[in-house]
Amino acid sequence: MAAVLGPSGWWRRWRRWRRRLSARDGSRMLLLLLLLGSGQGPRQVGAGQTFEYLKREHSLSKPYQVKTPVLQSRIPVDERGVGTSSSSLWNLMGNAMVMTQYIRLTPDMQSKQGALWNRVPCFLRDWELQVHFRIHGQGKKNLHGDGLAIWYTKDRMQPGPVFGNMDKFVGLGVFVDTYPNEEKQQERVFPYVSAMVNNGSLRYDHERDGRPTELGGCTAIVRNLHYDTFLVIRYVKRHLTIMMDIDGKHEWRDCIEVPGVRLPRGYYFGTSSITGDLSDNHDIISLKLFELTVERTPEEEKLHRDVFLPSVDNMKLPEMTAPLPPLSGLALFLIVFFSLVFSVFAIVIGIILYNKWQDQSRKRFY
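Basis of the calculations
Residues numbered from 1 in each chain as written. Predicted model: local features only at pLDDT ≥ 70, side-chain atom pairs only at ≥ 80, totals over all residues. Heavy atoms only, no water. Helix = DSSP H or I, 4+ residues; strand = E, 2+ residues; numbered from the N terminus. Contact = heavy atoms within 4.5 Å. Buried < 20%, exposed > 50% of the residue type's maximum accessible area, 1.4 Å probe, protein only. Polar contact = N/O pair within 3.5 Å; in protein donor to acceptor, adjacent residues only side chain to side chain. Patch = residues over 30% accessible without salt bridge, like charges linked within 9 Å, V, L, I, M, F, W, Y side chains within 5 Å. Areas by Shrake-Rupley, 256 points an atom, 1.4 Å probe, with all protein chains shown as cover. Salt bridge = Lys/Arg side-chain N within 4 Å of Asp/Glu carboxyl O. Disulfide = S-S within 2.5 Å. Core = buried A, V, L, I, M, F, W, Y, C linked by side-chain atoms within 4.5 Å.

> Just checking my understanding: could you explain the environment of Tyr192 for this structure?
Considering the arrangement of structural elements, one finds Tyr192 in strand S12 (residues 192–199). C-alpha of Tyr192 to C-alpha of Thr178: the two residues are 14 residues apart in sequence and 6.4 Å apart in space. Every residue in contact with Tyr192, bar those within four places of it in the chain, is listed here: Phe175, Val176, Asp177, Glu214, Gly217, Cys218 and Thr219.

> Explain the side chain of Asp126 here, please?
Structurally, the position occupied by Asp126 is in the loop between strand S8 (113–118) and strand S9 (127–136). Judged by relative accessible area, Asp126 falls into the buried class, the value being 4%. Within the structure, Asp126 has its side chain in polar contact with the side chain of Arg296 (distance 2.8 Å). Sequence-distant contacts of Asp126, defined by excluding residues within four places in its chain, comprise Tyr235, Val236, Lys237, Phe290, Glu291, Leu292, Val294 and Arg296.

> Looking at this model, I keep getting lost on a nonpolar patch on the surface. Mind explaining?
Taken together, the side chains of Leu330, Phe333, Leu334, Phe337, Phe338 and Val341 define a hydrophobic patch exposed on the protein surface, amounting to about 610 Å² of accessible area. Tracing the chain through its elements places Leu330 in helix H4 (residues 329–365). We classify Leu330 as exposed; its relative accessible area is 59%.

> Even after reading the chapter, I still don't get the state of the cysteines, so can you show me in this structure?
Two cysteines form a disulfide when their sulfur atoms are joined by a covalent bond. Scanning the model with the defined rule gives one disulfide in all. Shown here is the disulfide that connects Cys218 with Cys255, its sulfur atoms set 2.0 Å apart. Taking the torsion about the S-S bond as the criterion, the Cys218 to Cys255 disulfide, at about -100°, is left-handed. One end of the pair, Cys218, is in strand S13 (residues 216–219); the other, Cys255, is in strand S16 (residues 253–259), and 37 residues separate them in sequence. Neither Cys218 nor Cys255 differs from the other in exposure class; each is buried.

> Explain the nonpolar core here, please?
Side chains of a nonpolar character, in soluble globular proteins, are inclined to be buried together. Judged by nonpolar contacts, the single largest core of 48 residues is most densely connected at Trp127, Phe133, Leu172, Val193, Leu231, Ile233 and Met244. The element that contributes the greatest number of residues to this core is S9, accounting for five residues. Excluding its chain neighbours within four sequence positions, the residues that come into contact with Ile233 are Trp127, Glu128, Leu129, Ile150, Leu172, Val174, Leu240, Thr241 and Ile242. Counting residues in hydrophobic clusters, the runner-up holds 14 residues, among them Met93, Trp117, Ala149 and Phe175.

> Would you explain the pattern of salt bridges in this entry?
Side chains carrying opposite charge are able to pair once their charged atoms draw close together. Tallied over the full model, the rule gives 13 salt bridges. The partner of Arg104 in a salt bridge is Asp283, with the nearest N and O atoms 2.7 Å apart. Of this pair, Arg104 sits in strand S7 (residues 103–106) while Asp283 sits in strand S19 (residues 281–294), placing them 179 residues apart in sequence. Each member of the pair, Arg104 as well as Asp283, carries the same accessibility label: buried. Asp247 is the partner of Arg253 in a salt bridge, and the nearest nitrogen-oxygen pair spans 3.9 Å.

Keep in mind these numbers describe shape, not what the thing actually does.
Next up, the structure:
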């Protein structure tokens, strides 16, 4: 039977073990502790007290390995939550397909459209979305199209004409437009990045490349590059900022900056693409959403209350008018009944006035 050691016995054993510990073993233990403590945590970004946290339920990154050995048939199911099952965090739509290193929204073929949508609504107050993408194809200058879009909208999985998504959307759209539809314009160089906030009342003007409703934009040469291309959308304190990293220098370049942008919480992130007579490969390599923790003053807390419809300060968006509900049978009967009563009453009053006028005319004549 083993002897039971008291506190003094355990202490003597600990001191003997610590003497035997060599410098090599100590260095190994230190390395192990450093590795254990190097897990991903909050990172400070920019000036001031701003920290970012990666939100995995809204993020997506390679490798996209399929569960079954059917990669050659490009079945859209993978281990990182992309697919059509109810357990997937992301859904594919249209011609989108999963590859090992990227998700292809559309291939370099005519008349294709595809989309990738997050199933989880985002309730973050301040956030940053980093998009790693690639646009490439066989088309030469001005013989490629049409581009891709990144969305933060109320509705998801709604195919349509706006880069593969529905028109009159509700939310934010950021467009990487690679083909100029407006032939007469000369001041813009394509590909061109622009942004639009919509409350469901505006249409995207394809013939003018969305110019009537855009918040701003910049030229971004992103096709057929041999290095990585990134786009970041940052939304902090009602301030929308869009930056690009497309020069291979790992530096962000300002593109769009708009204050006073009011976006509701609970919308969905997604990305989509479309091709027409011209085409390109539109690939998403990763989507990473970060929650930004920002300090607010009491005055800012009052100003930054939740909103229920997207809007932009100093920019008038048409009001959304709800359609009138259909009339019930009783209401329709009452309207018809009182209309008839009013008509009869008006006719009687008219006859009385006419008779009085005739009597007065006879008296003057005699």
